[in-house]
Amino acid sequence: MIKKNKHFINLNANINEALRILNKLNLDNIIFVIDNTGKLIGSITDGDIRRGLLNGVQIYDNVDKVLNANPKFIRKGDDDINKIIQFREKNYKIIPIVDNEHKVLDLINFRQIKSFLPLDVLLMAGGRGQRLIPLTNSCPKPLLKVGNKSILDHNLDRLQKFGINDFWISINYLGEIIENHLSNRKGNNITYLKEQKPLGTIGALSLISNLYHDYLLVMNSDILTNLNFESFFVDFIKNKADMSVLSIPYSVNIPYGVIETSDNDIKRIREKPSYTYFSNGGIYLLKKSIINKIPNNTFFNTTDLIELLLENKYKVISYPFSGYWLDIGKHEDFRRAQEDIKHIEL
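Predicted model, so just to flag it, every value in this text is computed and none were measured.

K.L.:
Please provide a residue-by-residue account of the overall build of the protein, values included.
P.N.:
Scanning the protein from terminus to terminus reveals 8 helices and 19 strands. Projected onto its principal axes, the C-alpha positions of the protein cover 95 × 50 × 45 Å. When each of the 346 residues of the protein is scored for burial, the buried share is 46%. Long-range pairs, those at least 24 residues apart, make up 68% of the contacts in the protein between residues at least 6 apart in sequence. Summed over its atoms, the accessible surface of the protein is roughly 18300 Å², and 47% of this surface lies on carbon and sulfur atoms. One way to put it: in the protein the 45 positive side-chain charges average out to a point 4 Å from where the 39 negative ones average out.

What follows is the structure, encoded as structure tokens:
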């Protein structure tokens, strides 16, 4: 069912009513015409009305006299991210989202969000947070506050900026507190996956019965990051990957001279070198079909899945990321997060 929104007008309305609505919208001066079933019929702008009046249309005529019968729209579940990017780059600000019957579900406003990604998201939030005791004795780790809101809310807010609204959250330890905390959150479709026993870092994925989209983002809920999720997804699609792993650069500084040898012959000496490796960033993109590879209700880690996919010749890629990323696993990480949040926009 369509949400109440100031950008919609019924097909039975007249042009005068349309003008009154447009007059209140300021910069977002477009409205969408729907019929009594909520089906998208067209769009109207100030320019459409002006041209109609110049052609002899009267102010109290029906809006069908001036509407554009071919409005831009996005179909729910459409995975063509390039279409979204083109709309944004061509300066379309307000786009309706329709279902397969062309009924309007909602609007996206590019003044408020960055993109509209065709993704479900699984947030892993069932852990005990052992290393953060006593902070986690009565509060689940994802609800620890960084700045003025919880780690989980930081993540949900950032994902929502990219037009993502379909969330799955795996819970176990103090899960009822997480459910209660999010019960008043608006604008998100949240389904909880209740682990009756620990299922590892990705085993909870087997509990999902039916995804809304063909692609899934899996993310540890104790991570803070300013990752551009659209860029991550575009890279995944461009490379025709089955799975993509966010990778974080990790530098190791050797405080001594390193001797490189061959058959005990010294070939080179490097004085106090630094080596950069890429570590698992705890954020993954998957095709929907990959879920079938995860054993049902069984302890299963992401590393197990990656090894399984590689053995079976699936395409698993790395997405190197050098922006802000922090895994809040220890007390020193939590203290760092409190300082970082003063300077980093998530």
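What follows picks up the thread again.
K.L.:
Report on a nonpolar patch on the surface, specifying residues and quantitative values.
P.N.:
A contiguous nonpolar surface patch, about 300 Å² in accessible area, is contributed by Ile-259, Ile-266 and Ile-269. Assessed through its relative accessible area of 48%, Ile-259 is described here as partly exposed.

K.L.:
Now, about unusual backbone geometry: what can you tell me, with residues and values included?
P.N.:
Cis geometry is found at the peptide bond from Ile-133 to Pro-134, where omega equals 10°. Tracing the backbone shows Pro-134 in the loop between β7 (120-124) and β8 (145-146). If you check the backbone angles, Asp-263 has positive phi at about 55° while not being a glycine.

K.L.:
Talk me through the pairing of strand β17 (residues 274-287); I want residue IDs and the actual numbers.
P.N.:
Bridging between strand β12 (residues 215-220) and β17 involves 5 bridges; their strand directions are antiparallel. In the sheet register, Leu-217 faces β17, and the bridge partner there is Leu-285. As defined by bridge partners, strand β14 (residues 243-253) adjoins β17 across 10 bridges and the pair is classed as antiparallel. Residue Ser-247 lies in a different strand from β17, and its bridge partner there is Asn-280.

K.L.:
Outline helix α7 (residues 302-311), listing residues and values.
P.N.:
Considered for burial, the residues of α7 that qualify are Thr-302, Leu-305, Ile-306 and Leu-309. Considered in projection along α7, the buried side chains sweep an arc of 100° and stay on one side of the axis. Buried residues along α7 sit in contact with β14, β17 and β18 (316-320). Downstream of α7 by a residue or two, Lys-313 has a phi angle that is positive, lying close to 65°.

K.L.:
Let's hear about helix α6 (residues 229-238): which residues, and what values?
P.N.:
Along α6, the positions that sit buried rather than exposed are Phe-229, Glu-230, Phe-232, Phe-233, Asp-235 and Phe-236. Where α6 is buried, its residues touch α3 (81-89), α4 (151-160), β12, β14, β17 and β18. At the N-terminal boundary of α6, the capping side chain belongs to Asn-228, with an oxygen 3.0 Å from the backbone nitrogen of Glu-230.

K.L.:
Break down the nonpolar core for me, citing the residues and quoting the values.
P.N.:
Of all hydrophobic cores here, the largest spans 57 residues; its most connected members are Leu-123, Leu-217, Phe-229, Leu-246, Ile-283 and Ile-328. Once residues within four sequence positions are removed from consideration, Phe-229 is found in contact with Leu-117, Arg-158, Leu-159, Phe-162, Leu-217, Met-219 and Ile-283.

K.L.:
Talk me through the sheet that holds strand β1 (residues 8-10); I want residue IDs and the actual numbers.
P.N.:
Reading across the sheet, the 3 strands line up as β1-β2-β3 and stay open at both edges, with mixed pairing between neighbours. Where the open sheet ends on each side, the last strands, each with one partner, are β1 and β3 (40-45). For this sheet, the mean angle separating the axes of adjacent strands, direction not counted, is 35°. Across 5 bridges, the pairing between strand β2 (residues 30-34) and β3 is antiparallel.

K.L.:
Requested: an account of the side chain of Asp-35, with residues and values cited.
P.N.:
Tracing the chain through its elements places Asp-35 in the loop between β2 and β3. For the buried Asp-35, which has no salt bridge, the nearest side chain bearing the opposite charge is Lys-39, at an N-O separation of 5.3 Å. When sequence neighbours within four positions are dropped, the list of residues in contact with Asp-35 reads Asn-10, Leu-11 and Ile-41.

K.L.:
For the packing of α3 against α6, give the residues involved together with the corresponding values.
P.N.:
When two helices pack together, their arrangement is given by the angle between the helix axes and by the axis-to-axis distance. The interhelical angle for the contact between α3 and α6, taken along N-to-C directions, is 135°, at an axis separation of 11 Å. With respect to each other, α3 and α6 are oriented oblique. Between α3 and α6 lies a crossing of left-handed hand. Of the residues in α6, those touching α3 at Ile-81, Ile-85 and Arg-88 are Glu-230, Phe-233 and Val-234. Looking at side-chain class alone, the contact of α3 with α6 contains 4 nonpolar, no polar and 2 charged residues.

K.L.:
Explain the sheet that holds β14 to me, using residue names and the numbers behind them.
P.N.:
In space, the 7 strands of this open sheet follow the order β11-β10-β7-β12-β17-β14-β18, with mixed pairing throughout. If you trace the sheet from one side to the other, it starts and ends with β11 (189-194) and β18, each paired once. Here the average twist between neighbouring strands, direction ignored, is 30°. Set on the sheet, helix α5 (residues 175-182) makes contact with β10 (166-171) and β11; between it and β11 the angle comes to about 175°.

Definitions and cut-offs
Residues numbered from 1 in each chain as written. Predicted model: local features only at pLDDT ≥ 70, side-chain atom pairs only at ≥ 80, totals over all residues. Heavy atoms only, no water. Helix = DSSP H or I, 4+ residues; strand = E, 2+ residues; numbered from the N terminus. Buried < 20%, exposed > 50% of the residue type's maximum accessible area, 1.4 Å probe, protein only. Contact = heavy atoms within 4.5 Å. Areas by Shrake-Rupley, 256 points an atom, 1.4 Å probe, with all protein chains shown as cover. Lys, Arg positive; Asp, Glu negative; His and termini not counted. Charge placed at Lys NZ, Arg CZ, Asp CG, Glu CD. Patch = residues over 30% accessible without salt bridge, like charges linked within 9 Å, V, L, I, M, F, W, Y side chains within 5 Å. Salt bridge = Lys/Arg side-chain N within 4 Å of Asp/Glu carboxyl O. Pairing = 2+ DSSP bridges. Arc of directions from axis to C-beta. Polar contact = N/O pair within 3.5 Å; in protein donor to acceptor, adjacent residues only side chain to side chain. Core = buried A, V, L, I, M, F, W, Y, C linked by side-chain atoms within 4.5 Å. Axes fitted to C-alpha atoms, helices over the stretch in contact; angles between N-to-C directions. Parallel < 35°, antiparallel > 145°, perpendicular 65-115°, else oblique. Left-handed = near helix turned anticlockwise from the far one by under 90°. Nonpolar A, V, L, I, M, F, W, Y, C, P; charged D, E, K, R; others polar.

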